[in-house]
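A closer look at the structure
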Amino acid sequence: MQRIEFRKVIDLSHIISPQIPLWPGDPPVTFNEVASPEKDGYYLRRFGMGEHSATHMNAPNTFHPNAIGIDAYEPASLVRPAVVVDLRIQARDNPDYVIGIQDIEKWEQAHGRIDQGSVVLFYTGWQALWDDPGLFINADDKGPHFPGIGAATTTFLLEHRRIAGVGIDTHGVDPGQDTVYATNSQILAKEGIVLECLTNLDQLPAKGTTLVIGVLRLKEGSGSPVSVMAFVP
């Protein structure tokens, strides 16, 4: 039986509110009061949001017709070891930075080979921009500008490291200027894990963390807001 030993638990999910950054064209986050203590004796709200808003996980049917939805992930597949690759310097100097195989090789020189079945988390520093939606999406007439994982890097991680998935603190694991979503497509074709809009990655060690990912089991959902808990050794 697998055991998780930890010193602390870090929440990697942003708080959801109507003010969060949204992908262009996505529906707004809304909260509407349904019941109040004064009138009904209890408090209740209705909320609405897109399946790919806030800290979220994408599902294979986002990019692959007839693939599984978010409700089909087995619970055990959502408990994974994680490593953190710190790329703040590269992202600070170039918002369009494409994460390359050389970044993985440099990390492994310092920390050892990435274990099979890991989720590779990329810390770009973008989480610090969350409270300014304009800067977080960083869009102009050419579209969004934020760092992401190159297609060849994803292929390398899947084929040579057999990873379970990836996560990032930007609004997409693909670079903002990527219009084909190559990283999403490759990982979701294997029913892997894609986490976007993570936070608190600065509080995690380079390796040794265990992730527990809580999804909303939306029937045939293309994704879900998630609660991602990091158990830090």
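This text goes with the structure placed above it.
All of the points below concern the structure found in this document. Not measured: the values here are computed from a predicted model. (Residues numbered from 1 in each chain as written. Predicted model: local features only at pLDDT ≥ 70, side-chain atom pairs only at ≥ 80, totals over all residues. Heavy atoms only, no water.)

1. Digging into helix α3 (residues 101–111)
Taken as a whole, α3 has its buried residues at Asp103, Ile104, Trp107 and Glu108. When α3 is viewed along its axis, its buried side chains cluster within an angular range of 135 degrees and face the same direction. Looking at α3, the residues exposed on the side facing more than 90 degrees away from the buried face are Lys106, Gln109 and Ala110. Where α3 is buried, its residues contact β5 (79–86), α2 (88–93), β6 (98–99), β7 (119–123), α5 (151–160) and β13 (207–215). Once α3 ends, the next one or two residues include glycine 112, with phi positive near 95 degrees. (Buried < 20%, exposed > 50% of the residue type's maximum accessible area, 1.4 Å probe, protein only. Helix = DSSP H or I, 4+ residues; strand = E, 2+ residues; numbered from the N terminus. Arc of directions from axis to C-beta. Contact = heavy atoms within 4.5 Å.)

2. Describing a nonpolar patch on the surface
Among the surface-exposed residues, Ile4, Phe6 and Val9 lie close enough to one another that they form a single nonpolar patch of about 230 Å² accessible area. Assignment of secondary structure puts isoleucine 4 in the segment before β1 (8–11). (Patch = residues over 30% accessible without salt bridge, like charges linked within 9 Å, V, L, I, M, F, W, Y side chains within 5 Å. Areas by Shrake-Rupley, 256 points an atom, 1.4 Å probe, with all protein chains shown as cover. Salt bridge = Lys/Arg side-chain N within 4 Å of Asp/Glu carboxyl O.)

3. A look at the pattern of salt bridges
Any two side chains of opposite charge can pair if their charged atoms end up close together. Applying the stated rule across the entire model yields four salt bridges. The partner of glutamate 5 in a salt bridge is arginine 3, and the shortest N-O contact between them spans 3.9 Å. For the pair glutamate 5 and arginine 3, one class covers both residues: exposed. The closest approach of N and O atoms between aspartate 86 and arginine 88, which form a salt bridge, is 2.6 Å.

4. With respect to the packing of aromatic side chains
Evaluated as defined, the whole model comprises five aromatic pairs. On the basis of an interplanar angle of 80 degrees and a centroid distance of 4.9 Å, the ring pair of phenylalanine 6 and phenylalanine 231 is categorised as edge-to-face. Here phenylalanine 6, found in the segment before β1, pairs with phenylalanine 231, found in strand β14 (residues 223–232); they are 225 residues apart in sequence, far enough to count as distant. Exposure remark for phenylalanine 6: the relative accessible area of 44% places this residue in the partly exposed category. (Phe/Tyr/Trp six-rings, centres within 6.5 Å; stacked < 30°, edge-to-face > 60°.)

5. Things to note about the environment of glutamine 90
Following the sequence through the fold, glutamine 90 ends up in helix α2. Note: C-alpha distance between glutamine 90 and arginine 7 (83 residues apart in sequence) is 30 Å. Sequence-distant contacts of glutamine 90, that is, excluding residues within four places in its chain, are made with Tyr97 and Asp103.

6. Digging into the pairing of β7
Here β7 lies mainly inside the structure; five of its five residues are buried. The side-chain alternation of β7 yields two buried faces, one formed by Val119, Leu121 and Tyr123 and the other by Val120 and Phe122. As paired elements, β5 and β7 share five bridges and run parallel to each other. Note on β7: the bridge partner recorded for aspartate 86 is tyrosine 123. Pairing of β7 with strand β11 (residues 165–168), which is carried by four bridges, proceeds in the parallel orientation. Pairing of valine 120 across the sheet is with valine 166, part of β11. (Pairing = 2+ DSSP bridges.)

7. Observations regarding the nonpolar core
Ranked by internal contacts, the top residues of the largest apolar core, which has 46 residues, are Leu12, Met57, Leu121, Phe122, Leu211 and Ile213. When residues of this core are assigned to their parent elements, the largest contribution, five residues, is made by β7. Not counting chain neighbours up to four residues away, the residues in contact with phenylalanine 122 comprise Val85, Leu87, Ile99, Ile104, Ile149, Leu157, Val166, Gly167, Ile168, Asp169 and Leu201. Core analysis: the next-biggest nonpolar cluster, separate from the first, contains 10 residues, Ile20, Met49, Ala54 and Ile137 among them. (Core = buried A, V, L, I, M, F, W, Y, C linked by side-chain atoms within 4.5 Å.)

8. Some thoughts on the pairing of β5
As judged from the five bridges shared by β5 and β13, these two strands associate in the antiparallel manner. Residue alanine 82 lies in a different strand from β13, and its bridge partner there is threonine 209.

9. Here's the deal with the packing of α5 against helix α6 (residues 182–189)
Contact geometry of α5 with α6 gives a least axis separation of 8 Å together with a crossing angle of 20 degrees. By the criterion of interaxial angle, the relationship of α5 to α6 is roughly parallel. Seen from above, α5 lies across α6 with right-handed handedness. Residues Ala151, Thr154, Thr155 and Leu158 of α5 pack against Ala182, Thr183, Gln186 and Ile187 of α6. Taken together, the residues of the contact of α5 with α6 break down into four nonpolar, four polar and no charged. (Axes fitted to C-alpha atoms, helices over the stretch in contact; angles between N-to-C directions. Parallel < 35°, antiparallel > 145°, perpendicular 65-115°, else oblique. Left-handed = near helix turned anticlockwise from the far one by under 90°. Nonpolar A, V, L, I, M, F, W, Y, C, P; charged D, E, K, R; others polar.)

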